[in-house]
Amino acid sequence: MRIVKWLPTLGSVVAGAVLASSAPIGAARAQQQAQQTYVMKISTPTIRDIPDKWAEGFGAAVEKESAGRIKAQLYPASQLGSIPRQIEGTQFGSIQMEVVPPDFMVGLDHRFEVLAAPGLVSSQAHGQRISADPAVLKLMLGLGADKGLHGVGLFMAEQSVLVTRMPLRHLADFKGKKVRIFASQFQSEAFGRLGMTPVAMTLGDVLPAIQQGTIDGAVTGIGPVANFHMVDAAKFATQTGHPAIFLIAVVNKKWFESLPKDLQQIIEKEAAAQSLAVNPYAVEQVKQSEASFTSNGGELITLPPSEHEQMMKTIASVATDVSSKNPPLAAAYKIVAEAAARVR
């Protein structure tokens, strides 16, 4: 066996010195990361509601699983700004996580509104199954990746209601009413077809607008109606069953990617777990919110069955008509419509 004696050249000496010096630096950096704590501001537009329960459960879980390396700070009721400001704050890093209806993120990508398609969701339980579908999760959590956002959680909150200053007992009562909607063309087109004037508005502006008579009512969940005590200004809530209200949890992508791998895994794991764990709470919360609304003088209204059927027929083609002008949106609608049929 021939033994070759290695004679170091100048280059190899330099390289060896670099490797020798970088190893301790790399180890020190890894140790520093393992000891570092990270503040995670979590923003929601609601208070004591389904998104807040999700955020509380998620925050507690990541603090426990990370042994305190992640410090969750919860900011409900739009304390960090209106919904558009929360989106911007998360996009640019002053907020680490937002939990908001994806419809409000259409300015980043039109596909964010796809879950607001009329007729997509038949019940709260159906919506919960849709939000857990792997194809839907892959689509929705991947949106915003090129806009500084990383999706980690998706869940169904509730079916919306029309909370109004005057009773809407029949479809004819809808005509000429000005109502707040989410920032969604699906919603704008649907309520426009019903003879209403839709106005996109963030949640924090709804109650003042109703009180001032700027709008006649709002599309929202019964949770915000009860928790923001809207009954003082709007005593009627028509249960249209449309649209469904979903919530998406997204984190600032740059912040997320700066975390050690184990913390990234904890965030994704706990966000997914909480998106399922919140479902029973969501069901009970809707019941409690309805009871709170009526006990404080509010009235829940249901359209006559024939008129509800007529309403759904009127808006049935909205998703197809709107998305046909936007190929990426059409492809996204196909994904969620197939999932909705699959888990019905």
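Summary of the structure given here. Everything numeric here is computed off the predicted structure, so don't read it as measured data.

Running from N to C, helix 5 (residues 134-142) and helix 13 (residues 327-342) point in directions that differ by 150°, and their axes come no closer than 9 Å. Comparing their axes, helix 13 and helix 5 come out roughly antiparallel. For the crossing formed where helix 5 meets helix 13, the hand is left-handed. Residues A135, V136 and L139 of helix 5 touch helix 13, and the partners they reach there are A332, I335, V336, A339 and R342. Of the residues contributing to the contact of helix 5 with helix 13, the split by class is seven nonpolar, no polar and one charged.

What follows covers the packing of aromatic side chains. Under the criterion given, the structure shown has three aromatic pairs. Ring centres 5.0 Å apart and planes at 15° place the aromatic pair W54 and F58 in the stacked group. Of the two residues, W54 and F58 both sit in helix 2 (residues 50-65), four residues apart, roughly one turn of that helix. We note that W54, like F58, is buried. In this structure an aromatic cluster arises from ring pairing among W54, F58 and F155.

Below, the discussion takes up the pattern of salt bridges. Close approach of charged atoms allows side chains of opposite charge to pair. On inspection of all chains with the given rule, the structure shows 13 salt bridges. R165 is the partner of D216 in a salt bridge, and the nearest nitrogen-oxygen pair spans 2.7 Å. Of the two residues, D216 is situated in the loop between helix 7 (206-212) and strand 8 (217-220) and R165 in the loop between strand 5 (161-164) and strand 6 (178-181); the sequence distance between them amounts to 51 residues. For D216, a relative accessible area of 15% gives the class buried. Residue K334 pairs with E338 through a salt bridge whose shortest N-O separation is 2.6 Å. Highlighted residues: K334 and E338, both in helix 13, separated by four residues, approximately one helical turn. Salt bridges sharing partners connect three or more residues here, namely E65, K269 and E270.

The next subject is the nonpolar core. Residues W54, M97, L115 and M140 are the most contacted members of the largest nonpolar core, which totals 98 residues. Setting aside chain neighbours within four positions, we find M140 in contact with P102, R111, F112, V114, L115, L154 and I248.

The pairing of strands in a sheet comes from backbone hydrogen bonds and takes either a parallel or an antiparallel form. Strand order in the open sheet made by the five strands is 2-1-3-10-4, with mixed pairing throughout. A single partner strand is all that each edge strand has here, and the edge strands are strand 2 (70-75) and strand 4 (149-159). Going across the sheet, the axis of each strand differs from the next one's by a mean of 15°, ignoring polarity. Sheet analysis places strand 4 next to strand 10 (residues 244-252), joined by nine bridges and oriented antiparallel. Bridge pairing in strand 10 links Q159 to A244. Each of strand 1 (38-43), strand 3 (97-100), strand 4 and strand 10 touches helix 3 (residues 83-92); the most contacted strand, strand 3, lies at about 145° to it. Running at roughly 10° to strand 4, helix 10 (residues 261-295) makes contact with strand 1, strand 2 and strand 4 of the sheet.

Before going further, it helps to examine the sheet that holds strand 5. Read across the open sheet, the six strands follow the order 7-6-8-5-9-11; overall the sheet is mixed. Two strands bound the open sheet, and with one partner strand each, they are strand 7 (197-200) and strand 11 (299-301). Averaged over all adjacent pairs, the angle separating strand axes in this sheet is 25°, with direction ignored. When strand 5 meets strand 8, the two strands line up antiparallel, connected through four bridges. Bridging from a neighbouring strand, L162 pairs with V219 of strand 8. Its contacts with the sheet place helix 6 (residues 185-193) against strand 5, strand 6, strand 7 and strand 8, and it is angled at close to 160° to strand 6.

One can find H126 in helix 4 (residues 124-131). Taking relative accessible area as the criterion, H126 reaches 0% and is therefore assigned buried. Once residues lying within four places of it in the same chain are set aside, the contact partners of H126 are L120, V121, A340, V343 and R344.

This brings us to the pairing of strand 1. In this sheet, strand 2 lies alongside strand 1 in parallel orientation, the contact comprising six bridges. Bridge pairing links Y38 to I70 in strand 2. For the handedness criterion, the β-α-β arrangement of strand 1, helix 2 and strand 2 is classed as right-handed. One ladder, built from two bridges, connects strand 1 with strand 3; its direction is parallel. Directly across from I42, in strand 3, lies its bridge partner M97.

In this section: helix 10. Its 35 residues place the ends of helix 10 49 Å apart at the C-alpha level, agreeing with the 51 Å of an ideal helix rising 1.5 Å per residue. A maximum bend of about 35° is found in helix 10 at N279, where proline P280 lies one to four positions downstream. Just beyond helix 10, the residue with positive phi is G297, at close to 100°.

Each value, and the rule that gives it
Along each chain, numbering runs from 1 in the same order as the chain's sequence is written. Reporting in this predicted model follows two pLDDT cut-offs: at least 70 for local features of residues, and 80 or more for side-chain atom pairs to be given and counted; totals over whole chains, interfaces and linings ignore these cut-offs and use all residues. Excluding hydrogens and water, the side-chain figures rest on all heavy atoms present in the structure. Each axis is a line fitted through C-alpha atoms, taken for helices only over the stretch in contact, and angles between the N-to-C directions span 0 to 180 degrees. Helix and strand definitions follow DSSP, with helices as H or I runs of at least four residues and strands as E runs of at least two, each counted in order from the N terminus. In this scheme, roughly parallel covers angles under 35 degrees and roughly antiparallel covers those over 145, while 65 to 115 is roughly perpendicular and the rest are oblique. A clockwise turn of the near helix away from the far one marks a right-handed crossing, whereas an anticlockwise turn of less than a right angle marks a left-handed crossing. In what follows, residue pairs with any heavy atoms lying within 4.5 Å of each other are defined as contacts. When residues are grouped by polarity, Ala, Val, Leu, Ile, Met, Phe, Trp, Tyr, Cys and Pro land in nonpolar, Asp, Glu, Lys and Arg in charged, and all others, Gly among them, in polar. Pairing of aromatic rings covers Phe, Tyr and Trp, the last through its six-membered ring, and needs centres within 6.5 Å; plane angles under 30 degrees mean stacked, over 60 mean edge-to-face, and all others mean tilted. For every residue, the accessible area obtained with a 1.4 Å probe (protein chains only) is divided by the maximum for its type, and the residue is called buried under 20%, exposed over 50%, and partly exposed between those limits. Just to be clear on terms, a salt bridge is a Lys or Arg side-chain nitrogen sitting within 4 Å of an Asp or Glu carboxyl oxygen. Buried Ala, Val, Leu, Ile, Met, Phe, Trp, Tyr and Cys residues that are joined via side-chain atoms within 4.5 Å together make up what is termed a nonpolar core. Strands are labelled as partners when DSSP assigns at least two bridges between them. We call a crossover right-handed when, viewed with both strands directed away from the observer, the connection leading from the first strand over the helix to the second proceeds clockwise. Expected helix span is computed as 1.5 Å times (number of residues minus one). The angle between axes fitted to the seven-residue stretch ending at a residue and the seven-residue stretch beginning at it gives the bend at that residue.

In short, the description is geometric, and any link to function would need to be established separately.
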